[in-house]
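# Topology and contacts: notes
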Amino acid sequence: MADDNTVGFRAGRTGLIVRIPEAEPYVGGWRERLDPSARAGVPAHITVLFPFLEEGRTDASVHSALADVFGSHPAFDLRFERCGRLPGVLSLVPEPDTRLRQLTEAIAARWPEAPPYGGRFTEIVPHLTVAQGQDEAVFERIEADLAGRLPFTSRVSSVELIVHDGVKWQERASFALGG
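Residues numbered from 1 in each chain as written. Predicted model: local features only at pLDDT ≥ 70, side-chain atom pairs only at ≥ 80, totals over all residues. Heavy atoms only, no water.

## Quick word on the pairing of strand β8 (residues 169-176)
- As paired elements, strand β7 (residues 158-164) and β8 share seven bridges and run antiparallel to each other. Along β8, the bridge assignment pairs I162 with E171. (Pairing = 2+ DSSP bridges. Helix = DSSP H or I, 4+ residues; strand = E, 2+ residues; numbered from the N terminus.)

## What to know about the environment of H164
- Along the chain, H164 turns up in strand β7.
- Counting along the chain gives 109 residues from H164 to E55, while the straight-line C-alpha distance between them is 8.7 Å.
- If near-sequence neighbours (up to four positions away) are discounted, H164 is found in contact with F9, R10, A11, G12, R13 and W169.
- Reaching out from H164, the side chain makes a polar contact with the backbone nitrogen of G166 at a distance of 3.0 Å. (Contact = heavy atoms within 4.5 Å. Polar contact = N/O pair within 3.5 Å; in protein donor to acceptor, adjacent residues only side chain to side chain.)

## Topic: the packing of helix α3 (residues 60-71) against helix α4 (residues 98-110)
- At their nearest, the axes of α3 and α4 sit 10 Å apart, and the two run at 145° to each other. The chirality of how α3 crosses α4 is right-handed. Contacts between α3 and α4 involve A65, L66, V69 and F70 from the former and L103, A106, I107 and R110 from the latter.
- Tallied by class, the residues present in the contact of α3 with α4 amount to seven nonpolar, no polar and one charged. (Axes fitted to C-alpha atoms, helices over the stretch in contact; angles between N-to-C directions. Left-handed = near helix turned anticlockwise from the far one by under 90°. Nonpolar A, V, L, I, M, F, W, Y, C, P; charged D, E, K, R; others polar.)

## A look at the nonpolar core
- In this structure, L16, I20, F52, F70 and L92 are the most contacted members of the largest nonpolar core, which totals 47 residues.
- Sort the elements by how many residues they give to this core and α3 lands first, with five residues.
- Non-local contacts of I20, meaning those with residues more than four positions away in its chain, are made with A44, H45, I46, L78, F80, L128, F152, S154 and V156.
- Within the second largest apolar cluster, seven residues are counted, among which are F9, A40, F50 and I162. (Core = buried A, V, L, I, M, F, W, Y, C linked by side-chain atoms within 4.5 Å. Buried < 20%, exposed > 50% of the residue type's maximum accessible area, 1.4 Å probe, protein only.)

## Comments concerning the sheet that holds strand β4 (residues 89-95)
- The sheet built from four strands is open, its strands ordered β5-β4-β3-β6 with antiparallel pairing. Each end of this open sheet is capped by a strand with a single partner; those strands are β5 (128-132) and β6 (152-156). In this sheet, neighbouring strand axes are inclined to one another by 35° on average, regardless of whether the strands run parallel or antiparallel.
- Summarising the sheet, β4 and β5 pair through four bridges and their orientation is antiparallel. Opposite L90, over in β5, you have A131 as the bridge partner.

## What to know about the pairing of strand β1 (residues 14-19)
- Within β1, five of the six residues are buried, which leaves the element mostly enclosed by the surrounding structure.
- Sheet topology note: the β1/β7 ladder contains four bridges and is antiparallel. The residue bridging I17 from the neighbouring strand is E160, located in β7.

## Digging into the side chain of Q132
- Among the secondary structure elements, Q132 is positioned in strand β5.
- A distance of 3.0 Å separates a polar atom in the side chain of Q132 from a polar atom in the side chain of D35.

## Overview of the confidence of the model for the protein
- Chain-level statistics for the protein give a pLDDT mean of 94 and a share of 95% at 70 or above.
- Throughout residues 1-6 the model reports pLDDT below 50, and contacts reaching past four residues in sequence, or to other chains, amount to 22 contacts. (pLDDT = per-residue confidence, 0-100.)

Here it is as structure tokens:
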């Protein structure tokens, strides 16, 4: 998931993601083998905020507030043309990423007790994880495979609240972006 390792996979933990179903034909096979979040049930996605509130805190009032925050942001398109790197992670780079950053900033401002990535990183870097924890040669092989098949675009019109049930990540709610 968003913290890019299985440490974050515990019952009751939640996250907010943007699904990118158009990415699956490009990265699904790589993710299934090389991204623990895929094996734990998380689809190809870009994290908006992880970790979010514990599941027990995500009641009707939180859902209503999430709907209000996300509803105030318009839907948008993303283009994926290239791979990027973060420490130990190969990802697809969404362009432009301004609206993704704005979504994260809006949720973090509304729930300051849930800073992005638990406050571990100072900069928000939207990305779609393809593989992690691999050596350079594996990352290069994936990049070569993807280079000949990109680009693709995706319409972002909602954000999903997902929760870990102790075994897998499950969608709990979906919040539409504004028109």
